[in-house]
Amino acid sequence: MKEVKVSVIVPNYNYARYLPIRLESILNQTFKDFELILLDDASTDNSIQILENYRNHPNVSQLVVNKVNTGSPFQQWMKGILLARGEYIWIAEADDIADLQFLETCINLAEKNENTAICYVGSQLINEKGDIKKRDINHWGKRKNKHYGCFDGKSFAEHNLYWKNYIINASGVLFRREYAAKLVHSDFLQMRYCGDWLFWFQMALQGKVIEVYKNLNYFRQHDKKVTVNSYRSGKGIAEDIQVVNFMESNLPLLSQYKKRLRHGLLHRKIRRLPIDENNKKSLYDLLLKVLHSDTSDYYLERRNQILRMILPFLLTAKKDRL
């Protein structure tokens, strides 16, 4: 088979209504050297009928339909990664849309900077109809005045990803297949909500991270998004705790103060949950068991937030970000 530079993976489940515009935003990219791998996780709508219409397109290398739903977006990611032939991979979620220059922009920067593990762009939120929401989800600050930033992956993991998942949508990311294939036994595959955060962290440890200060991805928001209710129920936070624990075990130079601030943020998030006290207690118990964190970390983080107004040198997630 002909070699390709990029493998584009579209993992779909019941997104028939979005598939045509999604696939056209891929097939009309200005960068043409790619294969398109279509995956369907046993959809119950007319997704398969739509995907079949693209089966014979010259860019489509595979169409794989699961007989039984896996219930895991990340297992579908890995299925596509192991099928891929390209040097780089783009997981183009079925409900999102790409700017037509997305691939060209990312490939040029990835090739320009040796040992790139991740190259990701800015995203704009869109609603079910495709209308752009004005909310800023990138929070670049002065960074937006630059074309892009290139970071040592381990530093990016320690100063950025440790605090939060700045890589908010897989559809806005190009990453190296060789590194991703090494994660075939990673715990991210068993997660429901935070697997992408752990995946990006593990990828960053293997090479450089490029941050492109331009919105080339349109991240659709609707009531069927997996993450919509995950944090309200507390299930997402339970996985947050697992990810933070994994990070700390792989970032031995983290200061105790920084870790306590990060734990305090988890306490704060739990306090704000609209769930009953018994469920909150279960999450607090998990924090104590996994991260050895008690309420003193919460009060430390709160005090730190107040004092930063008069002591600007105090550490915060925003100041720590590269």
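It should be noted that the structure appears before, not after, this text.
Residues numbered from 1 in each chain as written. Predicted model: local features only at pLDDT ≥ 70, side-chain atom pairs only at ≥ 80, totals over all residues. Heavy atoms only, no water.

Novice: Would you mind going over the packing of helix H10 (residues 256-271) against helix H11 (residues 277-291) with me for this structure?
Specialist: Describing two packed helices takes the angle between their axes plus the distance from one axis to the other. Where H10 contacts H11, the axes come no closer than 10 Å and their chain directions differ by 170 degrees. When the interaxial angle is binned, H10 and H11 end up roughly antiparallel. Contacts between H10 and H11 involve His263, Leu266, His267, Ile270 and Arg271 from the former and Lys280, Leu283, Tyr284, Leu287 and Leu291 from the latter. Of the residues contributing to the contact of H10 with H11, the split by class is six nonpolar, two polar and two charged. (Axes fitted to C-alpha atoms, helices over the stretch in contact; angles between N-to-C directions. Helix = DSSP H or I, 4+ residues; strand = E, 2+ residues; numbered from the N terminus. Parallel < 35°, antiparallel > 145°, perpendicular 65-115°, else oblique. Contact = heavy atoms within 4.5 Å. Nonpolar A, V, L, I, M, F, W, Y, C, P; charged D, E, K, R; others polar.)

Novice: Any chance you could explain H11 here in plain terms?
Specialist: Note that an α-helix has 3.6 residues per turn; residues three or four places apart therefore point the same way. Across its 15 residues, H11 extends 20 Å between first and last C-alpha, which sits within 8% of the 21 Å expected from 1.5 Å per residue. Buried within H11 are the following residues: Lys280, Leu283, Leu287 and Leu291. Projected onto a plane normal to the axis of H11, the buried residues spread over an arc of 60 degrees and lie on a single side. Facing away from the buried side of H11 by over 90 degrees, the exposed positions are Asn278 and Lys289. Sitting at the head of H11, aspartate 276 places a side-chain oxygen 3.0 Å from the backbone nitrogen of asparagine 278. At the exit of H11 stands histidine 292, carrying a positive phi of roughly 55 degrees. (Expected span 1.5 Å × (residues − 1). Buried < 20%, exposed > 50% of the residue type's maximum accessible area, 1.4 Å probe, protein only. Arc of directions from axis to C-beta. Polar contact = N/O pair within 3.5 Å; in protein donor to acceptor, adjacent residues only side chain to side chain.)

Novice: I'm lost on the pairing of strand S4 (residues 88-91) in this one. Help?
Specialist: Across the two faces of S4 the burial is the same, with Tyr88 and Trp90 and Ile89 and Ile91 all buried. One ladder, built from four bridges, connects strand S1 (residues 6-12) with S4; its direction is parallel. Looking across to S4, one finds that valine 8 is bridged to tryptophan 90. The pairing of S4 with strand S8 (residues 173-176) spans three bridges and is classified as antiparallel. Paired with tyrosine 88 across the bridge in S8 is arginine 176. (Pairing = 2+ DSSP bridges.)

Novice: Explanation requested: the nonpolar core in the structure shown.
Specialist: Side chains of a nonpolar character, in soluble globular proteins, are inclined to be buried together. By size, the foremost hydrophobic cluster in this structure holds 56 residues, and its most contacted members are Ile118, Leu161, Phe175, Phe188, Phe199 and Trp200. The element best represented in this core is helix H7 (residues 195-204), accounting for seven residues. For phenylalanine 175, the contacting residues outside a window of four places in its chain are Ile81, Glu87, Tyr88, Ile89, Ile91, Ala117, Ile118, Ala180, Phe199, Trp200 and Met203. Val10, Leu36, Cys106 and Val212 belong to the second-largest nonpolar core, a separate cluster that totals 37 residues. (Core = buried A, V, L, I, M, F, W, Y, C linked by side-chain atoms within 4.5 Å.)

Novice: What is the right way to read the side chain of glutamate 211 from this model?
Specialist: Tracing the sequence through the fold places glutamate 211 in strand S9 (residues 208-220). Only 2.7 Å separates the side chain of glutamate 211 from the side chain of tyrosine 213, close enough to count as a polar contact.

Novice: Before we go on, may I ask you to explain the state of the cysteines in this structure?
Specialist: Note on terminology: a disulfide is the covalent bond linking the sulfur atoms of two cysteines. Throughout the structure, instances matching the rule amount to zero disulfides. Free cysteine: cysteine 106, not disulfide-bonded; nearest cysteine sulfur from cysteine 119 at 3.8 Å. Using a relative accessible area of 0% as the deciding quantity, one classes cysteine 106 as buried. With no disulfide of its own, cysteine 150 lies closest to cysteine 119 among cysteine sulfurs, the gap being 9.0 Å. Accessibility expressed as a relative area gives 32% for cysteine 150, which makes it partly exposed. (Disulfide = S-S within 2.5 Å.)

Novice: How do you make sense of the pattern of salt bridges when you look at a structure like this?
Specialist: Between side chains of opposite charge, pairing is possible as soon as their charged atoms come close. For the structure on display, the rule yields 13 salt bridges. One salt bridge in this structure joins glutamate 35 and arginine 85, with 3.2 Å as the shortest N-O distance. Here arginine 85 lies in the loop between helix H3 (73-83) and S4 and glutamate 35 lies in strand S2 (residues 34-40), a separation of 50 residues in the sequence. In this structure, lysine 281 and aspartate 285 form a salt bridge, with 3.0 Å as the shortest nitrogen-oxygen distance. Separated by four residues within a single helix, lysine 281 and aspartate 285 lie in helix H11, roughly one turn from each other. Each member of the salt-bridge network shares a partner with another, and the members are Lys5, Glu87, Glu111 and Arg176. (Salt bridge = Lys/Arg side-chain N within 4 Å of Asp/Glu carboxyl O.)

Novice: How do you make sense of a nonpolar patch on the surface when you look at a structure like this?
Specialist: On the surface, Leu307, Met309, Ile310, Leu311 and Phe313 cluster together to form a nonpolar patch covering roughly 540 Å² of accessible area. Position of methionine 309 among the secondary structure elements: in the loop between helix H12 (295-307) and helix H13 (317-320). For methionine 309, a relative accessible area of 62% puts it in the exposed group. (Patch = residues over 30% accessible without salt bridge, like charges linked within 9 Å, V, L, I, M, F, W, Y side chains within 5 Å. Areas by Shrake-Rupley, 256 points an atom, 1.4 Å probe, with all protein chains shown as cover.)

Novice: Explanation requested: the packing of helix H9 (residues 235-250) against H11 in the structure shown.
Specialist: Contact pair H9 / H11: the axes reach a minimum separation of 10 Å and the direction vectors enclose 10 degrees. The pairing of H9 with H11 is recorded here as roughly parallel in orientation. Considering only the axes of H9 and H11, their crossing is right-handed. Where H9 approaches H11, its residues Ala238, Ile241, Val244, Asn245 and Glu248 are matched on the opposing element by Leu283, Leu286, Leu287, Val290 and Leu291. (Left-handed = near helix turned anticlockwise from the far one by under 90°.)

Novice: What's the story with H12 in this structure? I'm lost.
Specialist: With 13 residues, H12 extends 19 Å from end C-alpha to end C-alpha; this agrees with the ideal 18 Å at 1.5 Å per step. Along H12, the residues that are buried comprise Asp297, Tyr298, Leu300, Glu301 and Asn304. Seen from one end, H12 has its buried residues packed into an arc of 165 degrees, which puts them on one side.

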